[in-house]
Amino acid sequence: MGFFTFIKVMMILFNLAIFLGGGALLGVGIWVTVDGQSFVKIFGGISSTVLQVVNVGYFLIVIGAILLIIGFLGCYGAQKESKCLLMMFFSVVLIIFIAEVAAAVVVLLYTSLAETFLTAVVTPILREKYGADKDFTHIWNATMTEVHCCGLNNYTDFEGSPWYDQNKNFPPPCCNSSSPCNATVAAASDVPGCFDQILQDIKTNADVVGGVAAGIAALEIAAMAVSMYLYCHLDQK
């Protein structure tokens, strides 16, 4: 087996794994979106994580779809020795790599900008769904209890929500589970927002986060290098 053939086989197997993983994530994402309550019941401890701050179902669907596309382009492109598909694979991975680097820079160096962006996106959803959507409310309650935080920024994120309009109080985690959780008690409790708390957890586990990020980046660079090697050597066969 020549070096070119070996690289081709490795490219096919690697991207087949990505394709299957993307399909699995897509399936889980659809499951969470359609029946989020059963997901929370089965993975209650695991589901109270960073991903609960966003809509985990749609997040997994997007990630799964992207992995499916990448896996298909890489696997089929290498199998058929298609320069077009290999170049598309390279381009997609490069775009994702650049986006990840940009996101990391924004989060690490421009934390306030990231917070402003998340506030503009997440806070309106909180005020619209918290107390009205049972699954959404349960997930946020589990998140706030597990992470020991309140809202995205603080208790004021829940002002105007169906929960607040109905109970005239804030969620118990905003007052360290004290009841009633009114504005005075919530302000005195000074429970941090989930964004700050999660950011602090990330900084505390910076070595692990950095190692995972470096590993992902290394895989992406390797994938781009291999796809470009195949692309450049197809004409030499």
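Above this text is the structure in question.
Fair warning: this is a prediction, and the values are worked out from it, not measured in the lab. (Residues numbered from 1 in each chain as written. Predicted model: local features only at pLDDT ≥ 70, side-chain atom pairs only at ≥ 80, totals over all residues. Heavy atoms only, no water.)

*Asks:* Quick question: what am I supposed to make of the side chain of Lys8 here?
*Replies:* Tracing the backbone shows Lys8 in helix 1 (residues 3-34). Beyond its immediate chain neighbours, meaning those up to four positions away, Lys8 contacts Ala78, Gln79, Glu81 and Leu230. (Helix = DSSP H or I, 4+ residues; strand = E, 2+ residues; numbered from the N terminus. Contact = heavy atoms within 4.5 Å.)

*Asks:* Whenever I open this one, the nonpolar core confuses me. Can you help?
*Replies:* One broad trend across soluble globular proteins is that nonpolar side chains are buried collectively. Core analysis: the largest hydrophobic core is formed by 22 residues, its most contacted members being Leu126, Tyr130, Trp140, Met144, Phe158, Phe170 and Cys174. When residues of this core are traced back to their parent elements, those giving at least two are helix 6 (111-129), helix 7 (134-147) and helix 10 (194-204). Once residues within four sequence positions are removed from consideration, Leu126 is found in contact with Phe136, Trp140, Gly151, Leu152, Asp157, Phe158 and Ser161. Leu73, Ala78, Leu85 and Phe89 belong to the second largest nonpolar core, which has 17 residues in total. (Core = buried A, V, L, I, M, F, W, Y, C linked by side-chain atoms within 4.5 Å. Buried < 20%, exposed > 50% of the residue type's maximum accessible area, 1.4 Å probe, protein only.)

*Asks:* Got a minute to help me understand the state of the cysteines in this structure?
*Replies:* As used in these notes, a disulfide is a covalent bond between sulfur atoms, one from each of two cysteines. Tallied over the entire structure, the rule returns three disulfides. What pairs with Cys150 in a disulfide is Cys174, and their sulfur atoms sit 1.9 Å apart. One disulfide, between Cys150 and Cys174, carries an S-S torsion of 80° and so falls in the right-handed class. Placement of Cys150 in the loop between helix 7 and helix 8 (162-167) and of Cys174 in the loop between helix 8 and helix 9 (183-189) is noted, with a sequence separation of 24 residues between them. (Disulfide = S-S within 2.5 Å.)

*Asks:* Explain the packing of aromatic side chains here, please?
*Replies:* Think of a pair of aromatic rings as described by two things: how far the centres are apart, and how the planes are tilted against each other in angle. Under the criterion given, the structure shown has eight aromatic pairs. With centroids separated by 6.5 Å and ring planes inclined at 45°, the aromatic side chains of Phe136 and Trp140 adopt a geometry described as tilted. Here the residue Phe136 and the residue Trp140 both occupy positions in helix 7, the gap between them amounting to four residues, near one helical turn. The residues Phe136 and Trp140 share a single accessibility class, namely buried. Site record: aromatic cluster; members linked through ring pairs are Phe3, Phe4 and Tyr229. (Phe/Tyr/Trp six-rings, centres within 6.5 Å; stacked < 30°, edge-to-face > 60°.)

*Asks:* What exactly am I supposed to notice about the pattern of salt bridges here?
*Replies:* As a working rule, side chains carrying opposite charge can pair if their charged atoms are close by. Going through the model one piece at a time under the given rule, you end up with one salt bridge. For Glu81, the salt bridge identified is with Lys8, shortest N-O distance 3.1 Å. Remark: Lys8 occurs in helix 1 and Glu81 occurs in the loop between helix 4 (56-80) and helix 5 (83-109); sequence separation between them is 73 residues. We classify Glu81 as partly exposed; its relative accessible area is 26%. (Salt bridge = Lys/Arg side-chain N within 4 Å of Asp/Glu carboxyl O.)

*Asks:* What should I look at first to understand a nonpolar patch on the surface in this one?
*Replies:* There is a patch of nonpolar side chains on the surface, built from Phe3, Phe6, Val9, Met10, Leu13, Leu16, Phe19, Leu20, Phe72 and Tyr76 and spanning about 920 Å² of accessible area. Secondary-structure elements contributing two or more residues to the nonpolar patch are helix 1 and helix 4. Tracing the backbone through its elements, the reader meets Leu16 in helix 1. Take Leu16: its relative accessible area is 37%, and that puts it in the partly exposed class. (Patch = residues over 30% accessible without salt bridge, like charges linked within 9 Å, V, L, I, M, F, W, Y side chains within 5 Å. Areas by Shrake-Rupley, 256 points an atom, 1.4 Å probe, with all protein chains shown as cover.)

*Asks:* Hey, could you run me through the environment of Ile69 in this one?
*Replies:* Looking at the element boundaries, Ile69 is found in helix 4. For Ile69, a relative accessible area of 47% corresponds to the partly exposed category. A sequence separation of 47 residues divides Ile69 from Gly22, and the C-alpha atoms of the two residues are 8.5 Å apart.

*Asks:* Can you walk me through helix 1 in this structure?
*Replies:* Each turn of an α-helix holds 3.6 residues, which means side chains three or four residues apart point in the same direction. Taking 1.5 Å of rise per residue, the 32 residues of helix 1 would be expected to cover 46 Å, and the 46 Å separating its terminal C-alpha atoms lies within 8% of that figure. By the burial criterion, the buried members of helix 1 are Phe4, Ile7, Lys8, Met11, Ile12, Asn15, Ile18, Gly22, Gly29 and Val32. (Expected span 1.5 Å × (residues − 1).)

*Asks:* I keep staring at helix 7 and nothing clicks. Help me out?
*Replies:* Counted at 1.5 Å a residue, the expected span for helix 7 with its 14 residues is 20 Å, and the 20 Å between its end C-alpha atoms agrees. Those residues of helix 7 not exposed but buried are Phe136, Thr137, Ile139, Trp140, Ala142, Thr143, Met144 and Val147. Between a side-chain oxygen at the N-terminus of helix 7 and the backbone nitrogen of Phe136 the separation is 3.0 Å; the capping residue is Asp133. (Polar contact = N/O pair within 3.5 Å; in protein donor to acceptor, adjacent residues only side chain to side chain.)

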